[in-house]
Structures are given as C-alpha cells and as structure tokens.
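Structural description and commentary
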Amino acid sequence: MLRTSMLKTSMSKPVINRLTIKTPIAITLFVLLTGCQTLNSTSVNKPISTVETNPLTARMSAIDRQGRIAYVDEQGTGAAKISTLYSIRPDGSDRQLIDQINGYIYAPAWSADGQRLAYSKQAPRQNPKIYIYDRKNKTQRLIVNAEGSNMSASFSPDGQKLLYSSTVGGNADIYEMRLNDGNTRQLTTLSSTEVQPSYASDGKSFVYTSDKVRAGRPSIYRYDFATGNATPMPTSGYVASPQLSADGQRMAYLNGRKAAVMTLSTGQVTNLAETGLDEPARLSPSGQYAVYPMRSSQVSSQGTRNIGSLVIRSLSGNTSYSINSDAGGMVRSPIWGR
C-alpha cells in the first residue's frame, strides 16, 4: 500500500511461485456518477473494435487511443507474492507481458516517446533495483543497482536522464542519472524523506513528495533546476505521488485516500475515487483522461473475494469504464504512455 511503503524502506520477503497468464480481458462500461447505471460487460479474447465496443475510447484523440497503459498485477501475499508487469491498449486489447517476478514490481514510468519503460523490481532478500524495458528489442536492462531502496524512476523529456529516489545514503533522497554514462548527482540532501520525483514536460523542474515539514505527513513540492530551490504545491492534507500533465495545466496525485486531479491555474481539485488501494491517478498523454486502479469485492457461491481493475475516466464528461484483472489479482501502479 502506497501510504506506508512510500515512507518505509523495509520490504516483505517472498518465495518462488508460478503465475498462469491468461489472455482474455473483461471490459465493463459504466458512468462514475451518483445513481448511474453499469452497462453490460464484454469478455474479450482478441483485439476489439473500439468504435463498436467502447464509445469512450472511440472519442479519444489518437495520442491517447493509440498509447499503452502499463500496470502491475499482484497475485498472492507475503512469501507467495507474484508480481507481473503488463501493458495494454486503453480499450483493453493487446495485453502484453513485460516482466514477472517472485516478489514486487513498483512504479512503472514511460519515456516521453513511449518506447522505454522504467520500473523497480525487488526479488526476495534483495533491495529494489531499477530496470528499463525497451519495447523495440523487448529487453530489460538493470540501470540502478545501488545499495538501499531504489524507487520511482522518471524519464526526462528528452529521454537522456532518469530521476529516482534512493536510500543509498541512508536517507530517502532524489537523484538524477545521465543514462549514456551513468553519471549521477544527488538533488536533495535533507534529513526528511524525499521520494516520487516526476519531471515536468519542459525539463526545467520536477514535482516530488516530501515530509520535511512534518514527519509521516507528506506534501508535494516543485524543484526548480535553475535555482535548486523547492516550493510547495497548492495542496493540503495528506498528499503524495504527483504527476504533471504534458501541458503543465493539471497535476494527478493521491489526495488523502483518493485518486485526484488538480487544475493548477485555479487550484480546483477533482477527487475521482477512493480506490481502496491508496494509489494516485495518472494522466493520459493528452491530459484529458485519468487512469487509476480500483479494488472491489465480488460475491460468489464460494464467498467474497477482492478483485482488481483499471478505471479510465474522462476529465471533461465524467464518463468512465473499467478493465478487469482477468487473472483475478490486485491491479496497481497504472501509467499511460504514447
């Protein structure tokens, strides 16, 4: 759960188990408004027609509709934890397996061109390490293998640098690495916890989470590269895990226990949902849609079990639909790339 794991570096220690990957994905269209009705669900065994099956994706701009959403599917608990990293189309078709581990996968992040995906992976009895997946070659490469927990990678807009947080110095701070030669510099040096960095699209600043004012009570800040200064964003209460839209007009984040989006010019906050997972919203490439994971309960003759899904929501019309975890696991950390 993000609320606790963001501010702690100790992790569970899983052991080997094998997950069976299934192909079908169920898509349910519905409207997230009070008193709204849920439309019929559709079981998908092959790429679907977004025009015939999903009116919301049919209205999306090409930059969103043709992009991919990466997410983590978690099976089991404790020592039996299996994490699988997938990518799919926003209509739920063409699901592809990227990586799988007996352990944990955290916080995937696309490069601006959508060709690379950075993420943290933690095997049993090891600290989280950062990898980069190349879509063209379908290969994973270890990038950050420093002592401590290495988390929350973010590509610079030109794809030449990587921001991430690490406890290599004993405290959680933010670092920037040049990918061509591995040269790394430390950007924050406070005694508090600084994590979850995310570049602005112009590359001149980044937003991140810090509890420097009150331990265990995180706030969101913007770091300016030109001055080296950090200023608070106009949020209140428990907030974390920020992401700026490509046009810089919106910020997706975790607002208390809710996935939320703020319009920065007005400070207006749209709370999208309490996900049951304490995870933030993430914006589509156009900034017109948000995706977030949701945990819900399913009642059957065998009893009640938790199921996970991705929710994709229009920020203009308040319409949305969900993509269920066909394997029945918990869905976490979705990120929408080109």
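Located above this text is the structure these notes cover.
Residues numbered from 1 in each chain as written. Predicted model: local features only at pLDDT ≥ 70, side-chain atom pairs only at ≥ 80, totals over all residues. Heavy atoms only, no water.

Helix and strand counts for the protein chain stand at 4 helices and 26 strands. Taking all 338 residues of the protein chain together, 52% fall into the buried category. Put simply, of all contacts in the protein chain between residues at least 6 apart along the chain, 41% involve residues at least 24 apart. Carbon together with sulfur atoms contributes 45% to the accessible area of the protein chain, which is approximately 15,100 Å² in total. (Helix = DSSP H or I, 4+ residues; strand = E, 2+ residues; numbered from the N terminus. Buried < 20%, exposed > 50% of the residue type's maximum accessible area, 1.4 Å probe, protein only. Contact = heavy atoms within 4.5 Å. Areas by Shrake-Rupley, 256 points an atom, 1.4 Å probe, with all protein chains shown as cover.)

Here we take up the pattern of salt bridges. Pairs can form between side chains of opposite charge whenever their charged atoms are close. Scanning all chains against the criterion turns up 8 salt bridges. In this structure, the salt-bridge partner of E176 is R185, at a minimum N-O distance of 3.0 Å. Counted as one network, the salt bridges with shared partners bring together E74, K81, E279 and R332. (Salt bridge = Lys/Arg side-chain N within 4 Å of Asp/Glu carboxyl O.)

With respect to the helices and strands, Q186 occurs in strand β13 (residues 184-186). The class of Q186 is partly exposed, set by a relative accessible area of 38%. Sequence-distant contacts of Q186, defined by excluding residues within four places in its chain, comprise D173, I174 and Y175. Polar side-chain contacts of Q186 include one of 2.8 Å to the backbone oxygen of T188. (Polar contact = N/O pair within 3.5 Å; in protein donor to acceptor, adjacent residues only side chain to side chain.)

A separate point is the nonpolar core. Core analysis: the biggest nonpolar cluster contains 14 residues, and I69, L310, I312 and W336 have the highest contact counts within it. Of all elements in the fold, only β3 (68-75), β4 (82-88), β23 (289-300), β24 (303-314), β25 (319-324) and β26 (330-337) reach the threshold of two or more residues within this core. One finds I105, W110, A123 and I335 within the second-largest nonpolar core, a separate group that totals 13 residues. (Core = buried A, V, L, I, M, F, W, Y, C linked by side-chain atoms within 4.5 Å.)

Strands in a sheet are paired, the pairing made by backbone hydrogen bonds, and the direction either parallel or antiparallel. Strand order in the open sheet formed by 4 strands is β18-β19-β20-β21, and the pairing between neighbours is antiparallel. Unpaired on one side and paired on the other, β18 (239-244) and β21 (268-274) mark the two borders of the sheet. Here the average twist between neighbouring strands, direction ignored, is 25°. Pairing of strand β20 (residues 258-263) with β21 involves 6 bridges; the strand directions are antiparallel. Directly across from K258, in β21, lies its bridge partner E274. (Pairing = 2+ DSSP bridges. Axes fitted to C-alpha atoms, helices over the stretch in contact; angles between N-to-C directions.)

The subject of this paragraph is the packing of aromatic side chains. Per the stated rule, a full pass over the model turns up 11 aromatic pairs. Plain terms: the ring middles of Y164 and Y175 are 5.8 Å apart, the flat faces sit at 20° to each other, and that makes the pair stacked. Separated by 11 residues along the polypeptide, Y164 in strand β11 (residues 161-166) and Y175 in strand β12 (residues 173-178) bring together distant segments of the chain. What makes Y164 buried here is its relative accessible area of 5%. Judged by centre distance (6.3 Å) and plane angle (40°), the rings of Y289 and W336 are tilted. Pair noted here: Y289 is in strand β23 and W336 is in strand β26, with a separation of 47 residues, a long-range link. Site record: aromatic cluster; members linked through ring pairs are Y199, F206, Y208, Y221, Y223 and F225. (Phe/Tyr/Trp six-rings, centres within 6.5 Å; stacked < 30°, edge-to-face > 60°.)

Before going further, it helps to spend a moment on unusual backbone geometry. A positive phi angle, close to 45°, is found at A107, a residue other than glycine. With respect to the element layout, A107 can be found in strand β6 (residues 104-110). For Q196, which is not glycine, the phi dihedral falls at a positive 55°.

What follows covers the pairing of β26. Of all 8 residues making up β26, 8 are buried, and the element is well covered by its neighbours. Direction of pairing for β3 relative to β26: antiparallel, over a ladder of 6 bridges. Looking at the pairing, D73 lines up with V331 of β26.

What follows covers the environment of G67. Secondary-structure assignment places G67 in the loop between α4 (62-65) and β3. The class of G67 is buried, set by a relative accessible area of 0%. Distance in space between the C-alpha atoms of G67 and D113 is 10.0 Å, their sequence separation being 46 residues. In this view, G67 contacts A62, I88, R89, P90, W336, G337 and R338; residues no more than four positions away in its chain are not counted.

Turning our attention to the sheet that holds strand β7 (residues 116-122). What the 4 strands build is an open sheet, ordered β6-β7-β8-β9; its pairing is antiparallel. Two strands bound the open sheet, and with one partner strand each, they are β6 and β9 (139-144). Averaged over all pairs of adjacent strands, the angle between strand axes in this sheet comes to 30°, irrespective of strand direction. Sheet analysis places β6 next to β7, joined by 5 bridges and oriented antiparallel. Bridge pairing links W110 to L117 in β7.

None of this, on its own, says anything about what the molecule does.
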